[in-house]
Amino acid sequence: MLYILTLALAMTGMTFAQERTHRDFIEYRTTGGMRASYNSVNLGNTDEALNLHGASFGYHIRIPLSLYSPVYLETGGGANYMGGNLTDDSRMDVWSIYAPVHIGYCYTLERGVDIFPYAGLNLRCNLAGHLKSDGRKYDFFDRDEVGPESVMKRYQAAYTIGISFTFNGFVLGTSFMQDLTDIASGTKVSMAQLTLGFNF
């Protein structure tokens with residue numbers, strides 16, 4: 001009888017330890033690190049679309065939302081640039097800061113290796129933007145300089161879908177985002193990103 005009781009307690013303890021290890025490994029793990037992205041940007045409206053290039057650099061953190069499933073909030077912040085030549089003698093440049101708000105599910109393959117598909121919003125504040133043409137420089141946020149049709153808005157929101165892969169702290173990801181609000185009259189930004197990063 002004592003042998004059976006001891007065996008039962010040992011099995012109960014092992015089960016509890018395994019469940020606790022599983023929870024600690026997946027549900028209580030908060031990770032964060034630096035991210036750098038190359039951005040292929042489309043600045044389009046109904047009449048024409050401009051293909052630009054850009055880059056982003058920031059810090060992202062992934063926070064568990066549940067004690068019982070690997071659902072995470074990914075947020076953080078960083079700086080973003082987009083720009084390029086419009087013609088042989090004109091160029092545009094726009095600088096902004098951003099904050100992602102993503103919800104995703106972490107598929108853990110083994111310790112240190114996971115796949116993280118996500119969707120959410122990217123919130124952006126445009127800090128500065130210029131058009132250089134014929135030796136002159138125009139401020140995109142000055143209505144008098146660029147006119148009411150081309151003046152840019154400061155604040156924007158975009159929907160985002162993406163997936164990232166983590167291997168022993170190194171991160172590789174790809175994503176697509178499309179503005180929900182216009183950056184200028186009838187014009188939205190869409191962006192495909194290739195991201196590299198490292199979690200601390």
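Residues numbered from 1 in each chain as written. Predicted model: local features only at pLDDT ≥ 70, side-chain atom pairs only at ≥ 80, totals over all residues. Heavy atoms only, no water.

> Give a detailed account of the overall build of the chain, specifying residues and quantitative values.
Counting its secondary structure elements, the chain contains 2 helices and 10 strands. Listed N to C, the secondary structure of the chain is α-β-β-β-β-β-β-β-α-β-β-β in terms of helices and strands. When each of the 200 residues of the chain is scored for burial, the buried share is 40%. Surface accessibility of the chain: about 11600 Å² in total, with carbon and sulfur atoms responsible for 63%. (Helix = DSSP H or I, 4+ residues; strand = E, 2+ residues; numbered from the N terminus. Buried < 20%, exposed > 50% of the residue type's maximum accessible area, 1.4 Å probe, protein only. Areas by Shrake-Rupley, 256 points an atom, 1.4 Å probe, with all protein chains shown as cover.)

> Talk me through the confidence of the model for the chain; I want residue IDs and the actual numbers.
For the chain, per-residue confidence averages 85 on the pLDDT scale, and residues scoring 70 or more make up 84% of the total. Taken as a whole, residues 1–27 scores under 50 in pLDDT and shows 18 contacts with residues more than four places along the chain or in a different chain. (pLDDT = per-residue confidence, 0-100. Contact = heavy atoms within 4.5 Å.)

> How would you sum up the side chain of Asn199? Please name residues and give values.
Position of Asn199 relative to the elements: it lies in strand S10 (residues 188–199). Among the polar contacts made by the side chain of Asn199, one reaches the side chain of Arg35 at a distance of 2.8 Å. Among residues more than four places away in sequence, those in contact with Asn199 are Thr31, Gly32, Gly33, Arg35, Thr166, Gly169 and Val171. (Polar contact = N/O pair within 3.5 Å; in protein donor to acceptor, adjacent residues only side chain to side chain.)

> Run through the nonpolar core, naming residues and quoting values.
With 19 residues, the main nonpolar core has Met92, Phe140, Met152, Ile183 and Val189 as its most contacted residues. The set of elements that each furnish at least two residues to this core consists of strand S1 (31–44), strand S4 (90–105) and S10. Once residues within four sequence positions are removed from consideration, Met152 is found in contact with Met92, Val94, Phe140, Phe141 and Ile183. (Core = buried A, V, L, I, M, F, W, Y, C linked by side-chain atoms within 4.5 Å.)

> Now, about the pairing of strand S9 (residues 170–179): what can you tell me, with residues and values included?
Side-chain alternation along S9 places Val171, Gly173, Ser175, Met177 and Asp179 on a buried face and Phe170, Leu172, Thr174, Phe176 and Gln178 on a face that remains uncovered. Relative to S10, S9 runs antiparallel, the two sharing 9 bridges. Within the sheet, the bridge partner assigned to Thr174 lies in S10 and is Leu194. (Pairing = 2+ DSSP bridges.)

> Which residues make up the side chain of Glu74, and what values do they have?
Considering the arrangement of structural elements, one finds Glu74 in strand S3 (residues 71–87). For the buried Glu74, no salt bridge is present, and the opposite-charge side chain at shortest range is Arg62, 4.7 Å distant. The residues touching Glu74, leaving out its near neighbours within four places in the chain, are His60, Ile61, Arg62, Pro100, Val101, His102, Phe116 and Tyr118. (Lys, Arg positive; Asp, Glu negative; His and termini not counted. Salt bridge = Lys/Arg side-chain N within 4 Å of Asp/Glu carboxyl O.)

> Lay out the pattern of salt bridges in plain terms, naming residues and giving numbers.
Applying the stated rule across the entire model yields 4 salt bridges. Between Asp114 and Arg62 there is a salt bridge; the shortest N-O distance is 3.6 Å. Placement of Asp114 in strand S6 (residues 113–133) and of Arg62 in strand S2 (residues 49–64) is noted, with a sequence separation of 52 residues between them. The residues Asp114 and Arg62 share a single accessibility class, namely buried. For Lys188, the salt bridge goes to Asp182, with nearest N and O atoms at 2.8 Å.

> Give a description of unusual backbone geometry that names residues and reports values.
Even without a glycine there, the phi angle at Asp134 is positive, about 55 degrees. Take Asp134: its relative accessible area is 59%, and that puts it in the exposed class. Unusually for a residue other than glycine, Asn168 sits at a positive phi of about 50 degrees. In this fold, Asn168 is placed in the loop between strand S8 (155–167) and S9.

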